[in-house]
Amino acid sequence: MPMQLITPPAGEPVSLAEAKLHLRVDFDDDDSLIQVLISAARQAAETLTNRQLVTARWRMVLDSFPGPSLMGVPAGQVFTLPGHAVLLPKSPVQSVVEIRYLDMAGAWQVMPAANYTVDSACEPARITPVFGQIWPIALPQIGAVSVIFDAGYGNASAVPEGIKTWIKLRVGSLYVHREEVASMTRGRIDPLPFIDGLLDPYKVPLI
């Protein structure tokens, strides 16, 4: 589903100083390069985990609301992913800012916040109409529904250390091996098997 970044994160989860300390770099000549590598590693971590690290605002574009719109939650089941739930593909979700849709006249309408409920404790977060409400009838046209939401842990200090450690290790690899293929005259380069495992506890499977 199309995702548009509206407000980028105000900073990186790993600072330049933290990265240089990890790299044991005590000069400033490569500061710009290291900063770019931090951004690249952070984006890789977000892609692998389906997470947003430092808070940002996103827009998710849909062609229609999911149905069937009158489907409820089955009685007796402690957790469900009902067919009429909208799932947000970035975690953790802080808040849903707005749900907009094109009505049958082709005009944008904002769905009242009181008409839907957000379960941000679930990952991915779920949105459904509240009991007694249904999704509005949207124009049968591509891009007719838009969900704007804020996601992220907050600032850099709130990002889990496991993710930040992975970013620093990835920055180290990118800094030392600056080409697509690493070559050595003798010996070989073996990946450390536990590195990518640092992200395993934070991966959010998208249904």
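Residues numbered from 1 in each chain as written. Predicted model: local features only at pLDDT ≥ 70, side-chain atom pairs only at ≥ 80, totals over all residues. Heavy atoms only, no water.

*Asks:* Whenever I open this one, the overall build of the protein chain confuses me. Can you help?
*Replies:* For the protein chain, the helix and strand inventory stands at 3 helices and 8 strands. Shown N-terminal to C-terminal, the secondary structure of the protein chain runs as helices and strands in the order β-α-α-β-β-β-β-β-β-β-α. Out of the 207 residues belonging to the protein chain, those deemed buried represent 39%. In the protein chain, the share of contacts with a sequence separation of at least 24, taken over all contacts with a separation of at least 6, comes to 77%. Total accessible area on the protein chain stands at roughly 11900 Å², and carbon and sulfur atoms take up 56% of it. (Helix = DSSP H or I, 4+ residues; strand = E, 2+ residues; numbered from the N terminus. Buried < 20%, exposed > 50% of the residue type's maximum accessible area, 1.4 Å probe, protein only. Contact = heavy atoms within 4.5 Å. Areas by Shrake-Rupley, 256 points an atom, 1.4 Å probe, with all protein chains shown as cover.)

*Asks:* In this structure, what is going on with the pattern of salt bridges? I would like to understand it.
*Replies:* A side chain with one charge may pair with a side chain of the opposite charge, provided their charged atoms come close. Taken as a whole and assessed by the stated rule, the structure comprises 10 salt bridges. Here Lys 20 makes a salt bridge to Asp 28, at a shortest N to O gap of 2.9 Å. Residue class for Lys 20 comes out buried when judged on its relative accessible area of 11%. Between Arg 42 and Glu 46 there is a salt bridge, with its nearest N and O atoms 3.2 Å apart. One end of the pair is Arg 42 and the other is Glu 46, both in helix H2 (residues 31-49) and 4 residues apart, which spans about a single turn. (Salt bridge = Lys/Arg side-chain N within 4 Å of Asp/Glu carboxyl O.)

*Asks:* Explain the nonpolar core here, please?
*Replies:* One recurring pattern in soluble globular proteins: nonpolar side chains tend to sit buried together. The biggest cluster of nonpolar side chains holds 24 residues, and the ones touching the most others in it are Leu 88, Val 96, Ile 99, Ile 127 and Phe 149. Counting residues per element, this core draws most heavily on strand S4 (residues 93-102), at 5 residues. Core analysis: the second largest hydrophobic core is formed by 20 residues, Val 159, Trp 166, Ile 195 and Tyr 202 among them. (Core = buried A, V, L, I, M, F, W, Y, C linked by side-chain atoms within 4.5 Å.)

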